[in-house]
Amino acid sequence: MADPLHQFKVQPLPGLDFGEVTLPVVGTVHLAFTNSHLAMTIAFLAVVAFLAVFTSNAKVVPGRFQVVGETLFGMIDGLTDSIIGHDGRKYFPFVFTIFLFILGMNLLGMFLSFTATSQLAVTATFGVITFALVVIVGIVKNGPGMLKLFWPSGAPLVMRPIVGLIEFFSFLLRPITLTLRLFGNMMGGHIALKVFAGFVATAIVGAAGWFGLLIFPLSMGMTIGLTALEFLVAFLQAFVFAVLTCIYLNDVVNLGHGH
Amino acid sequence: MDPQAAKLIGAGIAMCGMIGAGIGVGNIFGNFLAGALRNPSAAGSQIGNLFVGAALAEALGILAFVMGILIWIS
């Protein structure tokens, strides 16, 4: 059976491998235009082109694509507004950008042979950017008062240092869970897809003998069902990333206001 | 025991963490359905909370899944 992990291999595109290059500050690196790079570029261009096309000739009665764009825009706008509250508009561009980019990469992963969000390096970058923004916004807005985030005012006095310590570590764990949730969901889904697609191939080439007649319809149906599920997961994970970004931002933006 | 076999068995055992994620996600959706049937008019506004809760519960299982994959391919 084919190796289901082969699809996650990052490899240089033919003709675009520049070999070892010495850069001024970084030093010697292996420079190449990889399939991961290509998938992210296509996702970026698709998102920009989609939004540019639907906003360029916006009509009062929207067409099909304008409705899609307006729905996505309105959804994230409602999200920042309802979770962060009064200041939500300020953080809308960041949340919308990260949502659309992740959604673009997830959905393109269903059409291309490579999913950029199933690379730990890509999702870790998103997790670290979000975490860094939360920490920077918290320090700029609250100064040293940001430490109140870890001080549970509702707990009994004896318990407060212990609960505060747990809160602190769970705060530090946020970028890791953000990263691994997206990475694990996309990788797990695509592995499952390829495993069942591999069963179909096994049945068709006759490696399973007459059992193939039983295996083929079962695993073909499973592949179709999983593909539909993966489209749902692709949207859901981008949405969940956006919601969690809003929740984490809300923690530091409205600190102490008991929003 | 053959180290290769021990590694594969270990990867399989690491996947047991997903049991907890399954119980957690099932609990969330089951309780949501129970609540939604009692008060259907309030259910629509809680869909966002439902999926965030499911994602948070699932993340802990994903940690075990990633650990299993790491053991498998290392």
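Below, the discussion takes up the overall build of chain A. Tallying secondary structure elements over chain A gives seven helices and two strands in all. In chain A, the succession of α and β elements from N to C terminus is β-β-α-α-α-α-α-α-α. Considered along the principal axes of its C-alpha atoms, chain A spans approximately 70 × 55 × 50 Å. Looking at chain A residue by residue over its 259 residues, the buried ones come to 27%. A separation threshold of at least 6 residues defines the contact pool for chain A, and within that pool the share at least 24 residues apart is 65%.

This part takes up the overall build of chain B. A tally of helices and strands in chain B yields four helices and zero strands. Reading chain B from its N end, one meets helices and strands in the order α-α-α-α. Its C-alpha atoms put chain B at 60 × 15 × 10 Å along the principal axes. In chain B, buried positions account for 12% of the 74 residues. Within chain B, residue pairs in contact and separated by at least 24 positions form 91% of the contacts whose partners lie at least 6 positions apart.

Grouped burial of nonpolar side chains is what soluble globular proteins tend to show. Residues and elements named next belong to chain A. Within the largest apolar cluster, 46 residues are counted, with the highest numbers of intra-cluster contacts made by Phe99, Ile102, Met105, Ala238, Phe241, Ala242 and Cys246. Sort the elements by how many residues they give to this core and helix 7 (residues 212–253) lands first, with twelve residues. For cysteine 246, the contacting residues outside a window of four places in its chain are Leu79, Thr80, Ile83, Ile84 and Val95.

Chain-level pLDDT for chain B is 89 on average; 100% of the residues reach the 70-or-more range. At the level of chain-chain contacts, confidence expressed as ipTM amounts to 0.77, with global pTM at 0.87.

At the junction of the two partners, chain B supplies eleven residues and chain A supplies twelve residues. Class assignment for the residues of the side of chain B that touches chain A results in nine nonpolar, one polar and one charged.

Residues and elements named next belong to chain A. Among the eight residues of strand 2 (residues 27–34), zero are classified as buried, and the element is accordingly described as predominantly exposed. The pairing of strand 1 (residues 12–23) with strand 2 spans seven bridges and is classified as antiparallel. From the neighbouring strand, proline 12 faces strand 2, where its bridge partner is threonine 34. Here strand 1 hands over to strand 2 after three residues, the two strands then running antiparallel side by side.

Residue and element names in this part refer to chain B. Their axes nearest at 8 Å, the elements helix 1 (residues 3–14) and helix 4 (residues 47–73) cross at an angle of 170 degrees. The orientation of helix 1 relative to helix 4 falls into the category roughly antiparallel. The segment helix 1 lies against helix 4, with Lys7, Gly10, Ala11 and Ala14 engaging Ala64, Met67, Gly68, Ile71 and Trp72. Classifying every residue of the contact of helix 1 with helix 4 by side-chain character gives six nonpolar, two polar and one charged.

Attention shifts here to the environment of glycine 24 of chain B. One can find glycine 24 of chain B in helix 2 (residues 17–38). As a C-alpha pair, glycine 24 of chain B and glutamate 58 of chain B span 34 residues in sequence and 7.5 Å in three-dimensional space.

For any two helices packed against each other, one specifies the crossing angle of their axes together with the interaxial distance. Contact geometry of helix 7 of chain A with helix 4 of chain B gives a least axis separation of 10 Å together with a crossing angle of 95 degrees. Here helix 7 of chain A is positioned roughly perpendicular relative to helix 4 of chain B, judged by the angle of their axes. Judged by residue contacts, Leu236, Phe239, Val240, Val243 and Leu244 of chain A of helix 7 of chain A engage Gly48, Phe51, Val52 and Ala55 of chain B from helix 4 of chain B. Here the residues of the contact of helix 7 of chain A with helix 4 of chain B sort into eight nonpolar, one polar and no charged.

A separate point is the environment of isoleucine 224 of chain A. Residues and elements named next belong to chain A. Relative to the helices and strands, isoleucine 224 resides in helix 7. For isoleucine 224, a count of 11 C-beta atoms within 10 Å corresponds to the exposed category. For the pair formed by isoleucine 224 and phenylalanine 131, sequence separation is 93 residues and the distance between their alpha carbons is 37 Å.

Parameters at a glance
Note that residues are indexed from 1 along each chain, following the sequence as it is written. Labels follow written order: the first chain is A, the first ligand is 1, and so on. At least 70 in pLDDT is required for a residue's local features to be given in this predicted model, at least 80 for side-chain atom pairs to be given and counted, and no such filter applies to totals for whole chains, interfaces and linings, which use all residues. In this description a helix means any DSSP run of H or I spanning at least four residues, a strand means any run of E spanning at least two, and both kinds are numbered starting from the N terminus. Field definition: a residue is buried when 20 or more other C-beta atoms are found within 10 Å of its C-beta, exposed when 12 or fewer are, and partly exposed for counts in between, with C-beta atoms placed from the backbone. Once C-beta atoms are placed from the backbone, any two residues with those atoms within 7 Å are in contact. The term nonpolar core refers to a group of buried residues, namely Ala, Val, Leu, Ile, Met, Phe, Trp, Tyr and Cys, whose C-beta atoms join them within 7 Å. Known as pLDDT, the predictor's per-residue confidence is scaled from 0 to 100. The residue classification treats Ala, Val, Leu, Ile, Met, Phe, Trp, Tyr, Cys and Pro as nonpolar and Asp, Glu, Lys and Arg as charged. All others, Gly included, are polar. The pairing criterion for strands is at least two bridges between them, as found by DSSP. Angles run from 0 to 180 degrees between N-to-C directions of axes, and those axes are lines fitted to C-alpha atoms, restricted for helices to the stretch in contact. When describing relative orientation, an angle under 35 degrees is termed roughly parallel and one over 145 degrees roughly antiparallel, while 65 to 115 degrees is termed roughly perpendicular and anything else oblique.

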